[in-house]
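A look at the structure
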Amino acid sequence: MKFIKNIVEKIKPTFSEGGKLAAFHSLFDAIETFLFVPNETAKNGTHIHDAIDTKRSMFTVVVALLPAMLFGMWNVGYQHFIAIGQQANFFEQFAFGLLAVLPTLLVAYAVGLGIEVIVAQVKKEEVAEGFFVTGFLIPMIVPIDTPLWMTAVATAFAVIFAKEVFGGTGYNIFNVALITRAFLFFAYPTAMSGDKVWVRTRDAFWWGAGNPVDGFSGATPLGQLGTSASGSPVFSDTMGQTAGFWDAFIGWIPGSVGETSTLAILLGAILLIATGVASWKIMLSVFAGGAFTALLFNVFGPETAIANLPWYEHLVLGGFAFGAVFMATDPVTAARTETGKWIYGFLIGAIAIVVRVLNPGYPEGMMLAILLMNIFGCFIDWCVVQSNIKKRMKRVKQIK
Amino acid sequence: MKLSDKTKQTLLGPLSSNNPVIMQVLGICSALAVTVELKPALVMGLSVTIIVALANVIISLIRNTIPSNVRIIVQLVVVATVVTIVSEVLKAFAYDVSVQLSVYIGLIITNCILMGRLEAFAMGNKPWDSFLDGLGNGFGYAWILVVVAFFRELLGSGKLLGFQVIPQCVYDAGYVNNGLMMMPSMALILVACIIWVHRSINKDLQDK
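What you see is a predicted model, and the numbers here were worked out from it, not measured in a lab. (Residues numbered from 1 in each chain as written. Chains lettered and ligands numbered in written order. Predicted model: local features only at pLDDT ≥ 70, side-chain atom pairs only at ≥ 80, totals over all residues.)

Section: the overall build of chain A
Per the secondary structure count, chain A includes 17 helices and two strands. In terms of overall dimensions, chain A is globule-like: its C-alpha atoms have a radius of gyration of 23 Å, near the 21 Å expected for 400 residues. Looking at chain A as a whole, 45% of its 400 residues qualify as buried. Contacts in chain A between residues at least 24 apart in sequence constitute 71% of all its contacts with a sequence separation of at least 6. (Helix = DSSP H or I, 4+ residues; strand = E, 2+ residues; numbered from the N terminus. Rg over C-alpha atoms; globule rule 2.2 N^0.38 Å. Buried ≥ 20, exposed ≤ 12 C-beta atoms within 10 Å, placed from the backbone. Contact = placed C-beta atoms within 7 Å.)

If you want it as structure tokens, here you go:
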């Protein structure tokens, strides 16, 4: 630590005003405050003594994302070697997944942070830390075979039009990572849906090349259920073996990189709730809304496979758990009032299931549900606040 | 021909500092609907220009005889007549485009730019000025449409005016047309981009 500190102190004058590389001061500030707690204290107003700041809470989210990310990497390798019919041990599977996911992660960070730095430089502000989490989320919510240039275009679009035009980190109406996914989904639908994109059958860095074996199918469980002709809610894994609740809970099924394992996501959820970074009310109410709506469809719904899917399986398939834990709880775009959080989360869960069941074009509805409710987050808060004011006014009048 | 400053302002103002689409935010609906390809956008822009100019002149000629309590109805009748003529001409000489534009030619009647110009300008100005004002506003509307349609057709289907301009080898290298460009939502974002660029160039137009 001391070693890094020395380096930072040594090169600091170069980036300060008057230094040779003063033009890149925002980049330097960003790295310095990332490595060390800023050596500044509040000059006036309230002094709250706490170690937490935006950078620390963002870092907590990234740590919470790690189990799902690591499991996702392993799952990419696991699915790949099944698909090409080769034996591979745990470390080979993980290494393959790491190599396959890493380029997307790097591209997302390079493009997003590049734009952030340029904007910070132009506006003469510090680089905000918001993209730290967004860049980590992006590779987790896209299919493994998404071309890198598409990721770059979508990330640029999302950072500029979903974040910077609204004023940067903390001012965005929509979740930036989800806008990246939505852009990809609507602009390049063939790269984001179907049964060809969820399992990597080609090589990663010239390693692990092979051809898909007979009987291989890369369709996700929700994709299978959405196109199923029969009314029975049965889905299968990559090799056509019938799979069930526990397969989906542990996560060895095809899907976007980070979304498959509900178990790993719940580990992250525990950390987020324990540190108080994300709201447990939103998480719980998303699951409650999803379970309730799925139950309604189970009882009264149409006779399709997806409507007949048991409610508890709805919650572990697709991006439901991932969205509930990491996307819906985004403190910037979610509702802020305590009552509002319950309403906000419940509606996300409910709308996600409605989209899944009633729209055959969209096998998954979590992204659309969260983006839709992002719009209403502030409105829900407004209603809650207004009703609170009304209640209190009534009380005041009674006392008089 | 030498134009006075005022006439110049009437003709050229709507192109930039007083543009109906990007300054007054009128006619957005059709700007989203007909800009998937360049050709219908060109025809639409031209049609609106002709219709505004003609309707402006007609209303301006009879402006002193219109009773003010029925003026909207009179304006509508005039506009409807001109729109019908343009629509019939298109059907006769450019049938394909008129099919592509479908109801949007007819809906020019309800285009806010038209009623706006008739109400705000033609009712109180001489025919020649009104004609110039119509031309200016028509072109102001048209160039926005053409720019939006240029990017939507280029990025959405790799073509311009129906001709393939992005070569096959780019597609072979992995390029894919952007499907979002075919949706109206992207037209809105492109209009926003034009406004963004326009305001950054003309700093005096920025809201304080």
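There's plenty left to go through after this.
Considerations on the overall build of chain B
For chain B, the helix and strand inventory stands at 10 helices and two strands. Reading the helices (α) and strands (β) of chain B from amino to carboxyl end gives α-α-α-α-α-α-α-α-β-β-α-α. Taken over C-alpha atoms, the radius of gyration comes to 19 Å for chain B, in line with the 17 Å a tight globule of 208 residues would show. Per-residue burial for chain B yields a buried fraction of 36% across its 208 residues. Restricting the contact set of chain B to residue pairs at least 6 apart, pairs at least 24 apart contribute 78%.

Observations regarding helix α12 (residues 280–300) of chain A
One full turn of an α-helix is made of 3.6 residues, so residues set three or four places apart face in the same direction. Helix length check: α12 of chain A (21 residues) gives 30 Å between terminal C-alpha atoms against 30 Å at 1.5 Å per residue, within 8%. In this structure, the buried side of α12 of chain A is in contact with α11 (262–275), α13 (305–308), α14 (311–316), α15 (320–327) and α16 (338–358) of chain A. (Expected span 1.5 Å × (residues − 1).)

Quick word on the nonpolar core
Grouped burial of nonpolar side chains is what soluble globular proteins tend to show. Core analysis: the largest hydrophobic core is formed by 148 residues, its most contacted members being Ile348 and Ile370 of chain A together with Ala55 and Leu145 of chain B. The element best represented in this core is helix α3 (residues 54–83) of chain A, accounting for 13 residues. Excluding its chain neighbours within four sequence positions, the residues that come into contact with Ala55 of chain B are Val78, Val79, Val82, Leu114 and Leu118 of chain B. (Core = buried A, V, L, I, M, F, W, Y, C linked by C-beta atoms within 7 Å.)

Concerning the environment of Asn178 of chain B
Note on placement: Asn178 of chain B falls in the loop between α9 (168–172) and α10 (184–201). When the C-alpha atoms of Asn178 of chain B and Ser157 of chain B are compared, they prove to be 7.4 Å apart, with 21 residues separating the residues in sequence. Beyond its immediate chain neighbours, meaning those up to four positions away, Asn178 of chain B contacts Ala187 of chain A together with Leu155 and Gly156 of chain B.

Side note on the packing of helix α3 (residues 38–61) of chain B against helix α4 (residues 71–93) of chain B
All names here are of chain B. Packing of α3 against α4 brings their axes to within 9 Å, and their N-to-C directions diverge by 140°. Classified by the interaxial angle, the pair formed by α3 and α4 is oblique. Like other packed secondary-structure pairs, α3 and α4 cross with a definite hand, here right-handed. In contact with Ser47, Ile50, Ile51, Leu54, Ala55, Ile58 and Ile59 of α3, α4 contributes Gln75, Val78, Val79, Val82, Val83 and Val86. A per-class count over the contact of α3 with α4 returns 11 nonpolar, two polar and no charged. (Axes fitted to C-alpha atoms, helices over the stretch in contact; angles between N-to-C directions. Parallel < 35°, antiparallel > 145°, perpendicular 65-115°, else oblique. Left-handed = near helix turned anticlockwise from the far one by under 90°. Nonpolar A, V, L, I, M, F, W, Y, C, P; charged D, E, K, R; others polar.)

Thoughts on the environment of Leu132 of chain B
Residue and element names in this part refer to chain B. Tracing the chain through its elements places Leu132 in helix α8 (residues 127–157). Assessed through the 22 C-beta atoms surrounding it within 10 Å, Leu132 is described here as buried. Considering only alpha carbons, one finds Leu132 and Asp207, 75 residues apart in sequence, at a separation of 28 Å. Residues contacting Leu132, with those up to four places away along its chain left out, are Thr7, Thr10 and Leu11.

Brief notes about the confidence of the model for chain B
Residue and element names in this part refer to chain B. In this model, chain B carries a mean pLDDT of 85, and residues with pLDDT of at least 70 account for 98%. No element of chain B has a lower mean pLDDT than helix α1 (residues 5–12), at 79, and none a higher one than α3, at 90. Overall fold confidence for the complex sits at a pTM of 0.86, while the interface term, ipTM, reaches 0.83. (pLDDT = per-residue confidence, 0-100.)

A few points about α11 of chain A
Residues and elements named next belong to chain A. Between its terminal C-alpha atoms α11 stretches 20 Å, which fits the 20 Å expected from 14 residues at 1.5 Å a residue. Among the residues making up α11, those that are buried are Thr262, Ala264, Ile265, Gly268, Ala269 and Leu272. The buried residues of α11 occupy one face: seen down the axis, they fall within an arc of 155°. Turning to α11, the residues buried within the fold contact α3, α10 (245–250), α12, α14 and α15. One or two steps after α11, the chain reaches Gly276, where phi turns positive at roughly 75°. (Arc of directions from axis to C-beta.)

Considering the environment of Gly223 of chain A
All names here are of chain A. If you trace the backbone, Gly223 turns up in helix α9 (residues 221–227). A count of 21 C-beta atoms within 10 Å places Gly223 in the buried class. Dropping the residues within four chain positions of it, Gly223 is found in contact with Asp195 and Pro363.

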